[in-house]
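# Descriptive structure summary
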Amino acid sequence: MAKMEVKTSLLDNMIGVGDMVLLEPLNEETFINNLKKRFDHSEIYTYIGSVVISVNPYRSLPIYSPEKVEEYRNRNFYELSPHIFALSDEAYRSLRDQDKDQCILITGESGAGKTEASKLVMSYVAAVCGKGAEVNQVKEQLLQSNPVLEAFGNAKTVRNDNSSRFGKYMDIEFDFKGDPLGGVISNFLVKKSFLFPGEENIHKIMKFLSYSLILPLLHPKLERDFSRYNYLSLDSAKVNGVDDAANFRTVRNAMQIVGFMDHEAESVLAVVAAVLKLGNIEFKPESRVNGLDESKIKDKNELKEICELTGIDQSVLERAFSFRTVEAKQEKVSTTLNVAQAYYARDALAKNLYSRLFSWLVNRINESIKAQTKVRKKVMGVLDIYGFEIFEDNSFEQFIINYCNEKLQQIFIELTLKEEQEEYIREDIEWTHIDYFNNAIICDLIENNTNGILAMLDEECLRPGTVTDETFLEKLNQVCATHQHFESRMSKCSRFLNDTSLPHSCFRIQHYAGKVLYQVEGFVDKNNDLLYRDLSQAMWKASHTLIKSLFPEGNPAKINLKRPPTAGSQFKASVATLMKNLQTKNPNYIRCIKPNDKKAAHIFNEALVCHQIRYLGLLENVRVRRAGYAFRQAYEPCLERYKMLCKQTWPHWKGPARSGVEVLFNELEIPVEEYSFGRSKIFIRNPRTLFKLEDLRKQRLEDLATLIQKIYRGWKCRTHFLLMKKSQIVIAAWFRRFAQQKRYQQTKSSALVIQSYIRGWKARKILRELKHQKRCKEAVTTIAAYWHGTQVRREYRKFFRANAGKKIYEFTLQRIVQKYFLEMKNKMPSLSPIDKNWPSRPYLFLDPTHKELKRIFHLWRCKKYRDQFTDQQKLIYEEKLEASELFKDKKALYPSSVGQPFQGAYLEINKNPKYKKLKDAIEEKIIIAEVVNKINRANGKSTSRIFLLTNNNLLLADQKSGQIKSEVPLVDVTKVSMSSQNDGFFAVHLKEGSEAASKGDFLFSSDHLIEMATKLYRTTLSQTKQKLNIEISDEFLVQFRQDKVCVKFIQGNQKNGSVPTCKRKNNRLLEVAVP
């Protein structure tokens, strides 16, 4: 069974009024109070009909989760509480289902949350549209274009930490299924003033540069300290809670997703670095011979670094900053630039370089995200553009921004009225004329091609002669003096002559949002947006590919003497294109409001909000919506909501929904002039009527709730009674059953007890009889036995006395031995072979047995201990045992060797590359590899040698080179001699006449004498099957060539401590002094 869907309404649990059209009474105060009340309860969205008002909360709210997306998906616009997702869903479904191109216009002042609103719209559309690898890639590219454009086009201002310094319009293209295919981005008026210190400053990409790993590679002198750059006087560059390093990585990742190559990203950062370095160029005046002032660059190191970054010849760029060439037909005139003109040229180059870079970024992104197919597309446009601006000092940028907002307000009113009129006609409701303020007169004042302000500004810029901001203001005063929305103190209109709030160098325009005072200073220069041709040509000569492509007019082969279009005319044309584009689409509006200037949460500045409400024209919007009918609703939801107010429609109406609504309104006696019936909707004129319906519904719901409670309680009590009655019957039945079962069990138990007693009595009776019979038999048997015993004893008494002693002795001895063995079992010592404990014997006659048991037990536990050894351990103990037999109590050095394991290979010949040659020369297994001291036959001094013992040979090798010096077969070794002292000297005697004995016997000294002698003994025995003679004596003869020398060991005090020394006394005696 499908789960019932619970539908809610905008009017349910409403905080304040969710739709301003229903506000009663309608005035500025109630409008602001309603916004404040909802803002205090974290309700930041409010409707004006289909328009969404968004108040920036300056904090994160849990209202944008995936669950919220699903909640608003495919729901009626007024079905849930106001939300930006509701508008996004309405626009997307209209585009997908009704094939209507949509546009979402997001307006508001800086800091009101326009950029975040546009991101929310795009993220919602991305969440609800189709899935798939290709579609997901397109969605990801569209979403990731935002961080890239924000990084290069947003700035930190006193009003906003992430303020858009450009107007962005994105057309998202969809196929017939509603899946995104691609998009196209248009930008309007990049505010170039945010390159310079003041009210606006770069925050995003300029700040990121200090974390970039690319810039030090581009130029090693590029500083990361912001204070070193004149364009970045960022006293407030740091934003609390913002990780710029992480943001930079996000931007680089977004650039990769959008489709930027690594070299393109590096080129973009290099251009931004060049803009930063341009701001550090400073000029100084210098007088020429002809008396004219000329500018020179103070520090050419900065210029040199810029040229290295851009690949421009230093002399070319230096000349472009010092001279200006003017071409007219066939003539060229070169003039010097003074310091002020040089600074103007520097700043103009920086602004143009950054502005053109941003335009290049937009075009590059468009190449990546444009739709690849040529099928018919549906389009949803998202316009995120700066709002109406009123500062203390308003200049050319504010003028054209406010002009754009005038045009947006004009199209907003026109499209709203058009939408209202179309709905009235569609519903067959009589259309009444609505009076409203038409700001076309203000738009005409600005954009008129003949006498509009922009036209006169262009005319003034193109006029020969001296052109200043003052001459432009004079022309305005002449042409626009009589215009009702133009004010100037110097105009012909006498009513402003004494207006002290209007300075002489300013003019004031009465916009739809209020009066704005514009400083005329800078209008001409900013409209000209002039970049000297010398600088364009210098940029075109750059070896940096991107910079060269940004200045195509610098190509000498394509010189165009025609003056470039002014900034005002370009912006006017782009606004006209935008308006034409918007008029072809169904509009959806989001009005963003900033609650305070502190960028803080939970603060609602009523004066600031009131100012924004006025210039956004929100009250005017409400009045337009309420001029006819304030509220309209389809018949089905209307009947579903209010059907409980009429007995005929409650609980179910079986006829058409319109008939049900007619019956309902007639029953409630609502005046006919308060409502009208359309084709599919009912139109309610006054909000009071709707609120009356809501009050009646609320009261009726309370009555219904009371009725439901009454019926429920009655049903609950009756159900409880029936349940109790049924339970009582069940309990009684179970109790009777239990009682009968218990009575039966008691009767059965009693019968069993009686039976058991009777059986017991019978059994005991039989048992007594059997016992009596048994005792009788036993008595007879006992009497017979005693009688037979008496007879036998009488017969054999004489034999018993002769053998009794011997039998008693044997029995006693047997019991003593048995007791001895049982006690020995419990007193056995441990299984350790070195444990000498053994229990004492209890009787002297057991002494031989006791000793034999001790011997057998010791042999047994030794065997058990040996069985635990591995083959390698057995070999080690065999060698230790051999050494014990050879040297124990004979050699004083032996006890210290017992605890040392025999390693054999003390030199890691296989691993040490130094002995590779030695290893290759020996093919047999090496048993001992040790460094010994060989005693010189002539003087008794020692030389280090490597002593090697293999299965068949004894070898001596040089310790340094590894070269084999001597090789002696084991069959030629006859004896090993050593002293009984605590020294390491030993002599190896060779067989006389053998080849190895040509130089005589060997005398060595080693720290491992016991091990070497033992292994030599065992190896010789294994190979020759003969025991090697081991002589231990403090005097023995050694054959040195042809002489026999006596080696004598004496006790002595050594100068070098405990090391034995050897000294040749004469040809026949060699003394070894042992400590």
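Residues numbered from 1 in each chain as written. Predicted model: local features only at pLDDT ≥ 70, side-chain atom pairs only at ≥ 80, totals over all residues. Heavy atoms only, no water.

- An unreviewed UniProt entry lists the protein under the name Myosin IB, from Saimiri boliviensis boliviensis.
- A UniProt comment under Sequence similarities (unreviewed entry) is attached to the protein, and it reads "Belongs to the TRAFAC class myosin-kinesin ATPase superfamily. Myosin family." (UniProt positions renumbered as here; feature names shortened; annotations may be inferred.)

## Structural notes on the overall build of the protein
- A count of helices and strands for the protein gives 30 helices and 32 strands.
- Looking at the protein residue by residue over its 1075 residues, the buried ones come to 47%.
- Put simply, of all contacts in the protein between residues at least 6 apart along the chain, 64% involve residues at least 24 apart.
- Surface exposure of the protein reaches about 58100 Å², of which carbon and sulfur atoms provide 52%. (Helix = DSSP H or I, 4+ residues; strand = E, 2+ residues; numbered from the N terminus. Buried < 20%, exposed > 50% of the residue type's maximum accessible area, 1.4 Å probe, protein only. Contact = heavy atoms within 4.5 Å. Areas by Shrake-Rupley, 256 points an atom, 1.4 Å probe, with all protein chains shown as cover.)

## What about the environment of Phe986?
- You can see Phe986 is positioned in strand S26 (residues 985–990).
- For the pair Phe986 and Val976, spaced ten residues apart in sequence, the C-alpha separation works out to 6.8 Å.
- Ignoring sequence-local partners within four residues, the contact set of Phe986 consists of Val976, Ser977, Met978, Phe1002, Leu1003, Phe1004, Ser1006, Leu1009 and Met1012.

## Concerning empty space enclosed by the protein
- In this structure the tally under the stated criterion is seven cavities of 30 Å³ or more.
- Lining the second largest cavity are Met122, Val125, Ala126, Lys139, Leu142, Leu143, Ile172, Phe174 and Pro180.
- For the lining of the second largest cavity, the secondary-structure elements that each account for two or more residues are helix H4 (114–128), helix H5 (133–153) and strand S6 (167–174).
- Here the lining of the second largest cavity is composed, by residue class, of eight nonpolar, no polar and one charged. (1 Å grid on protein atoms, 1.4 Å probe; cavity = no way out; pocket = protein on both sides within 12 Å on 5 of 7 lines; lining within 4 Å. Points joined across faces, edges and corners; volume = space filled by probe spheres on them. Nonpolar A, V, L, I, M, F, W, Y, C, P; charged D, E, K, R; others polar.)

## A few points about the packing of aromatic side chains
- If you walk through the whole model with that rule in mind, you get 26 aromatic pairs.
- Ring geometry for Phe399 and Tyr518: centres 5.5 Å apart, planes at 90°, overall edge-to-face. On the criterion of sequence distance, the pair formed by Phe399 in helix H13 (residues 396–426) and Tyr518 in strand S16 (residues 514–519) is long-range, its members being 119 residues apart.
- Relative accessible area serves as the criterion here: at 0%, Tyr518 is assigned to the buried category.
- Taken together, the aromatic side chains of Phe396, Phe399, Phe472, Phe486, Phe507, Tyr518 and Phe523 make up a single cluster linked through ring pairs.
- One residue, Arg319, lies across the ring of Phe323, its end atom 4.4 Å from the ring centre.
- One cation-aromatic arrangement involves Arg364 over Phe260; the distance from NZ or CZ to the ring centre is 5.2 Å. (Phe/Tyr/Trp six-rings, centres within 6.5 Å; stacked < 30°, edge-to-face > 60°. Lys NZ or Arg CZ within 6 Å of the ring centre and 35° of its normal.)

## Comments concerning the environment of Ile390
- Here Ile390 lies in the loop between strand S13 (378–384) and H13.
- Separated by 126 residues in sequence, Ile390 and Val516 have C-alpha atoms that sit 6.3 Å apart.

## What to know about unusual backbone geometry
- Residues Glu24 and Pro25 are joined by a peptide bond in cis, for which omega reads -5°.
- Along the chain, Pro25 turns up in the segment before helix H1 (28–40).
- Trp650 connects to Pro651 through a cis peptide bond whose omega is 0°.
- Residue placement: Pro651 occurs in the loop between helix H23 (635–642) and helix H24 (657–667).
- Positioned with a positive phi, Ser42 is a non-glycine residue whose angle comes to about 60°.
- Tracing the backbone shows Ser42 in the loop between H1 and strand S1 (45–48).
- For Ser42, a relative accessible area of 28% translates into the label partly exposed.

## Some details on the pairing of strand S15 (residues 506–511)
- A large share of S15 lies buried, amounting to five of its six residues.
- In this antiparallel pair of consecutive strands, S15 and S16, the connection spans two residues. (Pairing = 2+ DSSP bridges.)

## Some details on the packing of H23 against H24
- Closest axis-to-axis distance for the H23/H24 pair is 9 Å, and the angle between their directions is 45°. For the element pair H23 / H24, the angle class is oblique. Judged by the twist between their axes, the crossing of H23 over H24 is left-handed. Along the contact surface, H23 presents Tyr635, Glu636, Cys638, Leu639 and Tyr642, while H24 presents Ala657, Arg658, Gly660, Val661, Leu664 and Phe665.
- Along the lines of polarity and charge, the residues of the contact of H23 with H24 split into eight nonpolar, one polar and two charged. (Axes fitted to C-alpha atoms, helices over the stretch in contact; angles between N-to-C directions. Parallel < 35°, antiparallel > 145°, perpendicular 65-115°, else oblique. Left-handed = near helix turned anticlockwise from the far one by under 90°.)

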